[in-house]
Structures are given as C-alpha cells and as structure tokens.
Amino acid sequence: MDALRRGAPTARWRWTATAALKDTLPAWLLLSAAAGLRAEDGTEKEAEESHRQDSVNLLTFILLLTLTILTIWLFKHRRVRFVHETGLAMIYGLLVGVILRYGIPATSYHHKTPPSCSLMEGPVSTVLLNVSGKFFEYTLKGEINSREIHNVEQNDMLRKVTFDPEVFFNILLPPIIFHAGYSLKKRDFFRNLGSIITYAFLGTAISCFVIGNMMYGVVKLMQVLGQLTDKFYYTDCLFFGALISATDPVTVLAIFNDLDADGDLYALLFGESVLNDAVAIVLSSSIMAYQPSAGNTHMFDASAFFKSVGVFVGIFSGSFVMGAATGVVTFTKLHCFPLLETALFFLMSWSTFLLAEACGFTGVVSVLFCGITQAHYTCNNLSAESNQRTKQLFEVLHFLAENFIFSYMGLALFTFQNHIFSPIFIVGAFTAIFVGRAFNIYPLSFLLNLGRRHRIKGNFQHMMMFAGLRGAMAFALAIRDTATYARQMMFTTTLLIVFFTVWVFGGGTTPMLSWLHIRVGVDPDQDQQPCIDRQSTTKQESAWLFRLWYSFDHKYLMPILTHSGPPLTSTLPAYCGPLASCLTSRQAYEEQLRDEDSEIFRNDADLTFTFGDTSITSNGASGSAAGGDAEALERELDSREQELLSRRTRLPPASSDPPPRPP
C-alpha cells in the first residue's frame, strides 16, 4: 500500500515506530517526535518541489504561446499561408512533448518492488491509511504501467502536464464558443439560415451514423484478425462517430477572411461549424444516455432509442432557452463605470455555461446562443467604451484559449501515457470521416438547391467537403473520458485526425481555392451584384418564419430590451399608449436608430417599415412618395425617423431638464 504514495515519509514513519518498541518509553517518545519532524520536513519539501514543478509546467505553456505569437507575426509579415497559427501551435507542442518524454532523464526513489494491495471492486478514488493512529488520505492519480513502476516520478511529471478534462470544458471552451456567437456576421448567417441548420443538424446526424456503422465494421474486422484486446461495443462506435463529426475549420475560415472569399461560402462553413459543435456534444450525450431495458446494455432497443432522441431534443432545447434567456436578461446599466460594466458582462456570459452544466444541460449550446443574443440585444445597452472592451476581451481570450488547446494537442501525443495505436482502426477512421463528410455535403446540397434560387455551386460543395477539419471540440470530447480501452483508442485516433486535417487540409486551402476557381478579394458588402438579383436572393433564401420574427423583434423586442429600434409609442396601438411610454426608455427617443441587422431585409420587397402614418417598403415606395433607388429610400427613412421623433415620440421634459431642442 505504500506504493500508492510516492513520497517515502510514510515508510520512514513506520520504520521509526517499529524500532522504538524495543526501547524505553522516553526513548520511544523522542524517536516518535523525531520521526514526526522528519515526516513533516519531507512533506514540506515534497510540497515545495511540487509547487516548483507546477510553475515550470505553466511556464512551458506560456513560452509555447509566446513562441506561437511571434511566429504568427512573422508569417503575417511575410504573407505565409501554407500553415495556420493552430498548426504552428501543434508543431511547437509536439517538440516540447518530445523533450519532456525523452529528453529529461528519469529519477526514481524506489529500489525494490513495492507491496501490492488487492481490491475486489477495482480502483477507488480515495484511500485512507492508518499510520500510528493518524489517518492519511491518498487520492487516485491514475493507472501506472507495470513496466514503468520504478519511474513514478517521471510519470508524475507527465501526468501534471496532462490537464484535467474539466479544465477544457469549464475554462477553455466557453470563450471560444461564446466568441463564435458574439462575433457572428448576422446578415450572411441569417440569409443562409435554412441551409446552415440543415447541414448542422441533419448533416451531423448523417455523418455520425455513417462513421459509427463503418467503424463497427472495422472493429469486427479487428476482432477477426485478433487485433482487438478488449471490449469495443456498437455504442462506442456511435460515440466516436458523434465526437469526430464536430468540425472546426478555423484554419480555412481564417484564410477566407484574409483573402475576402465569397461571403455565402464563408457563412455556410462558419455557421455549420458553430452549430455543428453544439449538435455533436448533445448527440454524444444522447448516445451515452442510451440504456436498453434488457440485460445487455449494448443491444438495440426501440424504446431506449426513442428515449435517447427525447434526451437530445430536451437537452438542446433546454440549453437553447437557457442561453437565450440569460442573454436577454443580462442588463448592464453601469454606464458611468465602464470597467465594472465590462466585468459584469463578462461574468454573466461565463456563468451561462456553468449554469447550464449545473442544471444538466449543455453549456456549449447555452453559451453559443447567449453570445448571439447578447450581440443582438445587450451590446446595444453598453457604453461605447465597454462595447469596445468586451469585443477585444473575448477576442483575446478566444485567441489564447484556442492556441493553448492546439499546443496541448501536440504535447499530449507524447505526454499522455495510455495511447493505443491501432493501424487498422486509424485507417478505417480516416476513410470513415471522408465518406461521412461526403454523405453530409453532396446529398444535402442537392436537396437544398431544389428550394434555393441562389444555388450552392459545385465548387462550393467541393470546398465544403475539403474544409471538414477536426479541432478543439473533437479533442475535448475525446479527452473527457479515457478510462476504458475503447476510449483510449478513440483519443489516440482523434489526435492523429486533427493533426492531419489541420496540417494537410488547412495548408492546402489557398491552392484549393485557386483550383476550384472560387473568387477572392471581393468584399461581399461592395459586390456589384445587380440589385434585382440581390432582392430575389434575399427574398428566396430568408425563411418566412425568420422574417416574421424579425419584424416582431424590430417593432417590439428591440425597443423593450435595448435603446434601439422604433419607440413602442409608434408600433403599439393607440390604446396602449401609457404602457408604451412606461416600457420605452428616454434614450430610445433621443438616440438614432442603430440596428445593424436592418440591412438584412432592407432589399426584401415583402418587408414594410412603418414610421408614424407612413409605410415605406424596401423597394423605395411609400404612402406619400416613391423613390427610385436605394439612396432615395435611405433619405426617406431618415426623414420619417426625424419626423417621428419630433411629432409623436418626444417625452415631456423633467422639471430640471432643459426644454428639448426641435429636430
């Protein structure tokens, strides 16, 4: 049992107490006191050494990030695009992992085989030892390979640079996912919302089941060839299909952004990857919740299957509602103190993730929709200084967290001690993800093109197929549980898949854009596409349900939750005048309309803006005059807004306020 603890203080204590039994009582007391001092001294030295080692480990990661940032600056200065910053972080992590694993000599304080202790029910997380009437608590650190039983100190060093999976989920993932929702380009995203949802939900499910079934065939082949040394069930294969279906085309999207690639293609890839991560994590949770009523928990059971589907719908819906609700109620009224305002906004955003996890939902889904909601509502209530601070804060956190995860991926290839490399499983996994991606993109694109006027072209489909990289989410799902033989093999294979896709596909993005003749260097906001074609595209591709919601949001929700949008006194019926005046803040009357999303449907001929007694449609017509172009429409909108503010929506000034100026 002494082997459970690496420090020799316990052994010294027992030896001293045994020798003291042969002497007189005073001598025994002296020896016991000396033994206690030596034990405490050894514990203090061990704690000091552990603290120093932890500092070295953290310093290693900081140096990795520093080296990555300097190299990124050099590459951007030289306009090098064959490798992305995430690929660089992985390379540096690999180099440091090699040094830690093979460059540092092993030291050991064990010179003989330690005694063994048998537990019938397997390992336990906590062990209490009674040493001379004092109880000591020992915690489980992990399994040690029998061949490395005398290298406990080196194993402990490698174990310390292997982070707890909860660190990834509770600390590193939230800023990455939140930034994806908070920085969403809403115009292109909502213009392609139907296609994005189809790829993210239906496409991820197709990919999961295609990969899972193919990998089950690979597992059966390994069993026939005698390459399978432990249990590997069908549910394990489906779980692997769910986690590896989480795409992360961060490299491709960064290059798209630098080259100003087509806006619709960027929106499709970005929107799919954002929602795809949320779907993958909920899908994996549903698969783990699959519990048939029969004795064999890995046989198919219809009731258990539909129960898992219900779990998926319940978790996703609950997480969505919690995230959106938290984003809506995050009011920050501390305009006089921008620092406090930014701090409150940051804490409320992060708490959304933890609140969802504590309630049994999925924090990734909640914090994603919290970011989208706060970008739409809450940021309009922030002061200008706080708005800029929050954007920069989350951008920096996203950058550091993402590069930290990719650096750790490279490190984990050598520091993780339970890798299982199976060539058959690895080759089968690579084949399965390509087949699953193909079944996701091409059939769904064909079906979507049947209802889209602005079709998803063939070269766009090939680029989406090529851009199916795996990254942080797949790695985080794989490392969350590595206790069994199957999960350890999944983790090793996931690492190799992430390395290959980031380096090969990420590095080949620029040549692939050229080979597929996808236009670059054109700002989609300045694209000289004919106005009639843009109107028909927006009308055809924007879902009618979303257009109805947008009209409701613009007239009622935005004035209530923010200082933007038309005041409620102009949108609610006349008999609701007192209620409208109560719910509308003074800033809503004083500030100019600054809803950035209004341009999403400004070209839609079916959408009508109502200001006062005049209705203005987006084709330039109004109840009193008609404009022939977009500039006339803008002038008409501005004039009607000013007329509304001066004629119908001015609040009576307070006694201490100066009289309002005429517009």
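Above: the structure in question.
Structural notes, computed from the coordinates. Here the structure is a predicted model, which means the values were calculated and not measured.

Take the packing of helix α14 (residues 384–415) against helix α18 (residues 485–507) next. Packing of α14 against α18 leaves a shortest axis separation of 11 Å and a crossing angle of 125 degrees. The angle between α14 and α18 falls in the class oblique. Crossing of α14 over α18 shows left-handed handedness. On α18, the residues touching F406, M409, G410, A412 and L413 of α14 are F491, L495, L496, V498, F499 and V502. Class assignment for the residues of the contact of α14 with α18 results in 10 nonpolar, one polar and no charged.

It is worth spelling out the nonpolar core at this point. Ranked by internal contacts, the top residues of the largest apolar core, which has 133 residues, are M215, F232, F240, F256, M463 and F475. For F240, the contacting residues outside a window of four places in its chain are I211, M215, F425, A429, M490, T493, T494 and I497.

This next bit is on helix α5 (residues 165–182). For α5, with 18 residues, the first-to-last C-alpha span of 25 Å sits near the 26 Å given by 1.5 Å per residue. Of all the bends in α5, the greatest reaches close to 50 degrees and is centred on L173; the proline P174 follows between one and four positions later. Counted residue by residue, α5 has 14 buried out of 18 residues, so it is predominantly covered.

Applying the stated rule across the entire model yields 27 aromatic pairs. Ring centres 6.3 Å apart and planes at 80 degrees place the aromatic pair Y102 and F414 in the edge-to-face group. Separated by 312 residues along the polypeptide, Y102 in helix α3 (residues 85–103) and F414 in helix α14 bring together distant segments of the chain. Exposure remark for Y102: the relative accessible area of 61% places this residue in the exposed category.

Here we take up the pattern of salt bridges. Side chains that differ in sign of charge can pair as their charged atoms come close. In the structure shown here, the tally under the stated rule is seven salt bridges. Where E385 meets R389, a salt bridge forms, and the shortest distance between an N and an O atom there is 3.0 Å. Residue E385 and its partner R389 are located together in helix α14, separated by four residues, close to a single helical turn. The salt bridge involving R487 is made with D481; its shortest N-O contact spans 3.1 Å. Overall, the relative accessible area of 10% leaves R487 in the buried class. D481 gets classed as partly exposed once you look at its relative accessible area, which sits at 32%.

Across six bridges, strand β1 (residues 126–131) lies against strand β2 (residues 134–139) in antiparallel orientation. Considered in β2, the bridge of V127 is made with Y138. Linking β1 back to β2 in an antiparallel pair, the connection comprises two residues, with S132 at a positive phi of about 55 degrees.

Mapped onto the elements of the fold, L393 is located in helix α14. Owing to a relative accessible area of 30%, L393 belongs among the partly exposed residues under this scheme. Here the alpha-carbon distance between L393 and F346, two residues 47 residues apart in the chain, equals 8.7 Å. Leave out the neighbours within four places in its chain, and L393 touches T342 and F346.

Before going further, it helps to spend a moment on the side chain of T492. Structurally, T492 can be placed in helix α18. Owing to a relative accessible area of 0%, T492 belongs among the buried residues under this scheme. Separated by 3.2 Å, the side chain of T492 and the backbone nitrogen of I420 make a polar contact. Residues in contact with T492, not counting those within four places in the same chain, are H419, I420 and F421.

Turning our attention to the side chain of S445. Turning to its location among the elements, S445 is positioned in helix α15 (residues 423–449). At 2.5 Å, the side chain of S445 forms a polar contact with the side chain of Y199. With residues up to four places along the chain from it excluded, the contact list for S445 reads Y199 and Q461.

With 10 of 11 residues buried, helix α8 (residues 234–244) lies mostly within the body of the structure. Buried within α8 we find T235, D236, C237, L238, F239, F240, G241, A242, L243 and I244. For α8, the secondary structure elements touched by its buried residues are α7 (193–225), α10 (263–288), α15, α17 (472–479) and α18.

Reading the values: rules and limits
What you see as residue numbers is a count from 1 along each chain, following the sequence as written. Per-residue local features are limited, in this predicted model, to residues with pLDDT of at least 70; the limit for side-chain atom pairs, both in listing and counting, is 80 or more; totals at the level of whole chains, interfaces and linings are taken over all residues. To get the side-chain values, take all heavy atoms of the structure and skip hydrogens and water. Axes here refer to lines fitted to C-alpha atoms; in helices the fit is confined to the stretch in contact. Angles between the N-to-C directions go from 0 to 180 degrees. The numbering of helices and of strands both runs from the N terminus, where a helix is a DSSP run of H or I of at least 4 residues and a strand a run of E of at least 2. Should an angle fall under 35 degrees it is called roughly parallel, over 145 degrees roughly antiparallel, and 65 to 115 degrees roughly perpendicular, with every other angle called oblique. A crossing counts as left-handed when the near helix is turned anticlockwise from the far one by less than a right angle, and as right-handed when that turn is clockwise. Contacts: residue pairs with any heavy atoms within 4.5 Å of one another. Under the grouping applied here, Gly and all other residues not named as nonpolar or charged are polar, the nonpolar ones being Ala, Val, Leu, Ile, Met, Phe, Trp, Tyr, Cys and Pro and the charged ones Asp, Glu, Lys and Arg. Throughout, nonpolar core names a set of buried Ala, Val, Leu, Ile, Met, Phe, Trp, Tyr and Cys residues whose side chains join them through atoms within 4.5 Å. Burial classes follow relative accessibility: with a 1.4 Å probe on protein chains only, a residue under 20% of its type's maximum area counts as buried, one over 50% as exposed, and anything between as partly exposed. Here the expected span of a helix is defined as 1.5 Å times the quantity of residues minus one. Here the bend at a residue means the angle between the axes of two seven-residue stretches, the one that ends at it and the one that starts at it. Under the pairing criterion, centres of Phe, Tyr and Trp rings, with the six-membered ring standing for Trp, must be within 6.5 Å; the plane angle then separates stacked pairs below 30 degrees from edge-to-face pairs above 60, leaving the rest tilted. Salt bridges are defined as contacts in which a side-chain nitrogen from Lys or Arg sits within 4 Å of a carboxyl oxygen from Asp or Glu. At least two bridges found by DSSP between two strands is the condition for calling them paired. Side-chain atoms alone can form a polar contact between residues adjacent in sequence; in general such a contact is a pair of N or O atoms within 3.5 Å, and within protein one must be able to donate a hydrogen while the other accepts it.

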